[in-house]
Amino acid sequence: MRPINVTLDSVTWELAKTKTNFSEWVRNQLRSERNKEFAHRHPPLSEISTERLNYELKTRGEEEE
């Protein structure tokens, strides 16, 4: 993991305090955004081969380590 600083205003600070693990929440939000972008550029998973699906899952897993 790499550290990054985020500047919050008073409103976002209060929202962040409600999260049990703010860093994890941010990572999940960023991954969700990436996955949505991926979905718009690629065919539905039901239309790709098993080999391609395995490749995509392996690649995503390595990115998140």
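Use the structure listed above.
S.K.: Which residues make up the overall build of the protein, and what values go with them?
M.R.: Helices and strands together make up the secondary structure of the protein, namely three helices and zero strands. Moving toward the C terminus, one meets the helices and strands of the protein in the order α-α-α. Split into buried and exposed, the 65 residues of the protein put 5% on the buried side. Entry remark: accessible area of the protein is about 6100 Å², with carbon and sulfur atoms responsible for 53%.

S.K.: Describe the pattern of salt bridges, and please don't skip the residues or the numbers.
M.R.: Under the definition given, this model contains one salt bridge. Note that Lys-17 and Glu-14 form a salt bridge whose closest N and O atoms lie 3.4 Å from each other. Linking Lys-17 with Glu-14, this pair stays in helix 1 (residues 10–17), spanning three residues, or about one helical turn. For Glu-14, a relative accessible area of 42% gives the class partly exposed.

S.K.: For the packing of aromatic side chains, give the residues involved together with the corresponding values.
M.R.: On inspection of all chains with the given rule, the structure shows one aromatic pair. Relative to Trp-25, the ring of Phe-22 lies with its centre 6.0 Å away and its plane at 25 degrees, an arrangement referred to as stacked. Of the two residues, Phe-22 and Trp-25 are both situated in helix 2 (residues 22–41); the distance of three residues between them amounts to about one turn of the helix. Judged by relative accessible area, Phe-22 falls into the partly exposed class, the value being 26%.

Rules of the game
- Residues numbered from 1 in each chain as written.
- Predicted model: local features only at pLDDT ≥ 70, side-chain atom pairs only at ≥ 80, totals over all residues.
- Heavy atoms only, no water.
- Helix = DSSP H or I, 4+ residues; strand = E, 2+ residues; numbered from the N terminus.
- Buried < 20%, exposed > 50% of the residue type's maximum accessible area, 1.4 Å probe, protein only.
- Areas by Shrake-Rupley, 256 points an atom, 1.4 Å probe, with all protein chains shown as cover.
- Salt bridge = Lys/Arg side-chain N within 4 Å of Asp/Glu carboxyl O.
- Phe/Tyr/Trp six-rings, centres within 6.5 Å; stacked < 30°, edge-to-face > 60°.

So far we have only geometry, and geometry alone does not tell us how the molecule works.
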